Amino acid sequence: MKNLHRFGFSTICSFALLIALAFAFKDTFAILAAAFWYLALVILPGLAWTYPLGQRFFQTFLLANLAGFASGFIYVVLDVAFRIPLNKVTFLAVPAFVTLAGILYWRKHYFFAEETER
Amino acid sequence: MKLRPEHIALALVVLAAFFYLNLDGLPLTHPGNIKAADPFYHTAATENILDTNQWLYYPAWVGFGRTNVPNVQPPLLYMQAAALSSWSGLPSWTTVYFIVGLFAALGVGMAFFLVQRVFNHQVALLAAFALVLPLRPFAWLYGIYIGLWIQVVSFMAVIGFVWMAVAYWQDKQRWQLWIANCAITIIMLVHPQDLIAVFPLWLALAWKAWKNPERIKNILALISISAIAFTVLLPHWIWVWGGRSSNLAPGWYTTQESAFGTGYSGGLVLPEPTFFPWYVLFFGIFGFCLMLPRWKKNLPWIIGIAAMLFISYVTPFVLKDPYYLLRLRALFPYIILPAAAFAIVALLSMFRLHDVLRWIAVFIVGVLALITGYVQYRELPAQLSGEHLPLERWNSYLWLQSNTAMNSTLFMLEGTSQANPTMTKRITAQVDIQELARKAQLYAINQTLDQFWTVEWNAATLRDAHIQRTGLFSFSTYPEGPSKVDINDFDYVYFENLNEGIAQFNAVIAQRLLNQSYRAVYQQGSIFILRRQ
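It should be emphasised that the depicted structure is a prediction, and the values quoted were computed from it without experimental measurement. (Residues numbered from 1 in each chain as written. Chains lettered and ligands numbered in written order. Predicted model: local features only at pLDDT ≥ 70, side-chain atom pairs only at ≥ 80, totals over all residues. Heavy atoms only, no water.)

Notes on the interface of chain B and chain A
Alright, step 1. Across the boundary between the two partners, chain B contributes 54 residues, which contact 49 residues of chain A.
Alright, step 2. Summing the contributions of chain B and of chain A, the shared interface buries around 4,900 Å²; its carbon and sulfur component is 82%.
Alright, step 3. Contact with chain A buries surface across chain B, with Q80(B), W87(B) and W175(B) losing the most and accounting together for 15% of the total.
Alright, step 4. Summed over the shared surface of chain B and chain A, the result is zero salt bridges.
Alright, step 5. At the surface where chain B touches chain A, the tally comes to six residue pairs in polar contact (both at pLDDT 80 or more). (Contact = heavy atoms within 4.5 Å. Buried area = accessible area lost by both parts, 1.4 Å probe. Salt bridge = Lys/Arg side-chain N within 4 Å of Asp/Glu carboxyl O. Polar contact = N/O pair within 3.5 Å; in protein donor to acceptor, adjacent residues only side chain to side chain.)

Regarding helix 3 (residues 76–88) of chain B
All names here are of chain B.
Alright, step 1. Its 13 residues give helix 3 an end-to-end C-alpha distance of 18 Å, which sits within 8% of 18 Å, the value for a rise of 1.5 Å per residue.
Alright, step 2. Counting buried residues in helix 3 gives twelve out of 13 residues, a clear majority hidden from the surface.
Alright, step 3. Here helix 3 has its buried residues at L76, L77, Y78, M79, Q80, A81, A82, A83, L84, S85, S86 and S88.
Alright, step 4. Once helix 3 finishes, G89 follows within two positions and takes phi at roughly 80°, a positive value. (Helix = DSSP H or I, 4+ residues; strand = E, 2+ residues; numbered from the N terminus. Expected span 1.5 Å × (residues − 1). Buried < 20%, exposed > 50% of the residue type's maximum accessible area, 1.4 Å probe, protein only.)

As for the sheet that holds strand 3 (residues 452–457) of chain B
Residues and elements named next belong to chain B.
Alright, step 1. With respect to topology, seven strands assemble into an open sheet ordered 6-3-2-1-7-9-8, the strand pairing being mixed. Both outer strands of the open sheet, strand 6 (484–486) and strand 8 (518–524), are each paired with one neighbouring strand and no more. Neighbour-to-neighbour, the strand axes of the sheet open up by a mean angle of 35°, direction not taken into account.
Alright, step 2. Across three bridges, strand 2 (residues 427–431) lies against strand 3 in antiparallel orientation. Across the sheet, the residue bridging to Q430 is E456, located in strand 3. (Pairing = 2+ DSSP bridges. Axes fitted to C-alpha atoms, helices over the stretch in contact; angles between N-to-C directions.)

Topic: the side chain of D79(A)
Alright, step 1. Its place among the elements puts D79(A) in helix 4 (residues 73–81).
Alright, step 2. Here D79(A) falls in the buried class, since its relative accessible area comes to 0%.
Alright, step 3. Leaving out residues up to four positions away in the same chain, D79(A) has contacts with I84(A), L86(A), Q54(B), W55(B), L56(B) and M79(B).

Some details on the pairing of strand 1 (residues 409–412) of chain B
All names here are of chain B.
Alright, step 1. Alternating residues of strand 1 divide into T409 and F411 and L410 and M412, and every residue in both groups is buried.
Alright, step 2. In the sheet, strand 1 pairs with strand 2 via four bridges, with the strands oriented parallel. Bridging across to strand 2, M412 finds its partner in Q430.
Alright, step 3. Direction of pairing for strand 1 relative to strand 7 (residues 492–496): parallel, over a ladder of three bridges. Looking at the pairing, F411 lines up with V493 of strand 7.

Structural notes on helix 21 (residues 433–446) of chain B
All names here are of chain B.
Alright, step 1. A rise of 1.5 Å per residue sets the reference length of helix 21, with its 14 residues, at 20 Å; its end C-alpha atoms lie 20 Å apart and thus fit the reference within 8%.
Alright, step 2. Those residues of helix 21 that fall on the buried side of the exposure criterion are E435, L436, K439 and Y443. End-on view of helix 21: buried residues confined to an arc of 100°, all on one side of the axis. Structural note: helix 21 exposes Q434, Q441, A444 and I445 on the side pointing more than 90 degrees away from its buried face.
Alright, step 3. Capping of helix 21 at its N-terminal end is provided by D432; its side-chain oxygen lies 3.1 Å from the backbone amide nitrogen of Q434.
Alright, step 4. With its phi angle positive at about 60°, Q447 sits one or two positions after the end of helix 21. (Arc of directions from axis to C-beta.)

Quick notes on the pattern of salt bridges
Alright, step 1. Tallied over the full model, the rule gives 15 salt bridges over all chains.
Alright, step 2. Across the pair D79(A) and R83(A) runs a salt bridge, and its minimum N-O distance is 3.4 Å.
Alright, step 3. Note that E47(B) and K425(B) form a salt bridge whose closest N and O atoms lie 2.6 Å from each other. Here E47(B), found in helix 2 (residues 37–52), pairs with K425(B), found in the loop between strand 1 and strand 2; they are 378 residues apart in sequence, far enough to count as distant. Across the pair, K425(B) and E47(B) agree in class, each one buried.
Alright, step 4. Among the ionic contacts, a cluster of salt bridges with common partners joins E47(B), D51(B) and K425(B).

Some remarks on the environment of I371(B)
Alright, step 1. Residue placement: I371(B) occurs in helix 18 (residues 355–377).
Alright, step 2. Spatially, the C-alpha atom of I371(B) lies 15 Å from that of A11(B), the residues being 360 residues apart in sequence.

Looking at unusual backbone geometry
Residues and elements named next belong to chain B.
Alright, step 1. A cis amide bond links L135 with the next residue in sequence, R136, at an omega value of 0°.
Alright, step 2. Relative to the assigned elements, R136 resides in the loop between helix 5 (121–132) and helix 6 (137–140).
Alright, step 3. Although it is not a glycine, K425 adopts a positive phi angle of roughly 60°.
Alright, step 4. The class for K425 is buried, based on a relative accessible area of 6%.

Points about the packing of aromatic side chains
Residues and elements named next belong to chain B.
Alright, step 1. Summed over the entire model, instances satisfying the criterion amount to 36 aromatic pairs over all chains.
Alright, step 2. Judged by centre distance (4.8 Å) and plane angle (55°), the rings of F19 and Y377 are tilted. One end of the pair, F19, is in helix 1 (residues 5–23); the other, Y377, is in helix 18, and 358 residues separate them in sequence. Of the two residues, F19 and Y377, both sit in the buried class.
Alright, step 3. Members of the aromatic cluster, connected to one another through ring pairs, are F64, F411, W453, W457 and F490. (Phe/Tyr/Trp six-rings, centres within 6.5 Å; stacked < 30°, edge-to-face > 60°.)

Here we look at the packing of helix 17 (residues 332–350) of chain B against helix 18 of chain B
Residue and element names in this part refer to chain B.
Alright, step 1. Direction vectors running N to C along helix 17 and helix 18 enclose 145°, while the axes themselves pass 11 Å from each other. When the axes of helix 17 and helix 18 are compared, the crossing they make is right-handed. In this structure, helix 17 contributes I344, V345, L348 and S349 to the contact, and helix 18 contributes R358, A361, V362 and V365.
Alright, step 2. Residue classes in the contact of helix 17 with helix 18 are distributed as six nonpolar, one polar and one charged. (Left-handed = near helix turned anticlockwise from the far one by under 90°. Nonpolar A, V, L, I, M, F, W, Y, C, P; charged D, E, K, R; others polar.)

Regarding the pairing of strand 2 of chain B
Moving residue by residue along a regular strand, the side chains alternate between the two faces of the sheet.
Alright, step 1. The buried fraction of strand 2 of chain B amounts to five of the five residues, a majority that puts the element mostly inside the structure.
Alright, step 2. In strand 2 of chain B, alternate side chains face the same way, and those of I427(B), A429(B) and V431(B) on one face and T428(B) and Q430(B) on the other are all buried.

By themselves, these observations are geometric and do not establish any function.
Structure, rendered in structure tokens:
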């Protein structure tokens, strides 16, 4: 469970960082909304895949942004190849699927291993 | 917790994001001070996804009522922004800008790790300090505050790709190929022309990955995601690129004044190293010279500088119109500033200081660079605070969106300012202000006013290639709207009394239309709209 705690800590740090970043918006609700949804829709899907790589937090955060943003290619596939509508459901289901797949793929590293390979 | 250089770099990323996101000061109420035409197109591209729940085809108003006009704006940034808007409830112009500003800031962090791998921690930290607000910010932040929006995101993916390529060269870990794959996917789906710049390095990386015993797994790690994206979009590439006249046609072109001129926006669109202060350039060149004796170790940076110079100053002579490729010049800070930092750290090492003292010296020089940048930056937000789309006009656009049919035609007498009529989301003909003045003058002289007007059609950039899909791999072209139109042919006519003189002329035109088949349907402040019965 040690690694689960680390994952949680990274997530909270990402959220805190995004709130700090989003302070440029002048509206408190917008600050929270932008930070929360960017975390949920872009960072978490990437974090699920990059966190087990055993990099330090800052590197993981950068890699998670790249991986999470790129995972949006699934939207392109759904829209162009399968003509599935891009709506609220799709926009939540895809990141949720990518996050879950990442966690399942790396489950040994997250939940069962005493130490990650770092 | 021990303070490490990367903690300071992380703080610099936060600081950079704060500066970048504050530049335009976008309101949540309306896309008021979005700068220039391009951001309106980026915002419209995101809105199209939100309005139609798909990206592949434009809504009918873009293609003059056609529903088979493929979207020429690359999908990924707009899809991510639409997802963010959809769930956060924030308007699209803020979510697009948020992602652009955030990625620009992340570039500082990625550059830190890239420089650290090629040189060392001290050079990397100093470069990160300098990159937050590169001197001069008004030039180097242009891409964020005006209109290289999608390319800013793509540029940061370029840096991420180079970082991962260098990392793989050193560590040979497969996950680095996966992330490089993600970076290529981002470039491909955000601004594909930038692939040209990274293609030689991609080939070298593929060769390196292939030489490894686990070559199949490595190649899969490097190309799988981007290959899927490319395959899915292949028909689209053919429609879109097939419909354009090739602006990358090879040849020998000796009169590329536009590639080197400083006419439009003072050269900000295609910035050059001359925008750096002389002392930054001096240290940059000095740093480059210092790299040469140990060229093998510093090879990534030497190649990087050579590549940037080639793209910037050779491609204009061998490609027909490499406009978007030349925008890569906006990445000069990421090449020059680390070279300057390398020179400064090398000079500091001549003093044979204790390591702690050298760190302190690096920190002080870095803070000085940041302060100098901030002094120049702090004027910018105020300079950029003017609105191209005031709330009153925005409210009239919202009325049009809610109360008119999607394929309605709209005639705007005073609406060409920075493409903001794109947000009417209707087939809109715009009268240029000179044409309006010419007509007004003619009317003042001889009291005659014909119904034919010279116009430009709104959202021309979204149409760009003028193609419509006719089959899986086939397309045909369609014409732009006529440049001379009859005002009586339009469903709606939009007036804005910008000043007293225009108000009087508008009243004349409106009275004539009211005497025919039009009636007033909207009036708020200086704006009124007539509708044909």
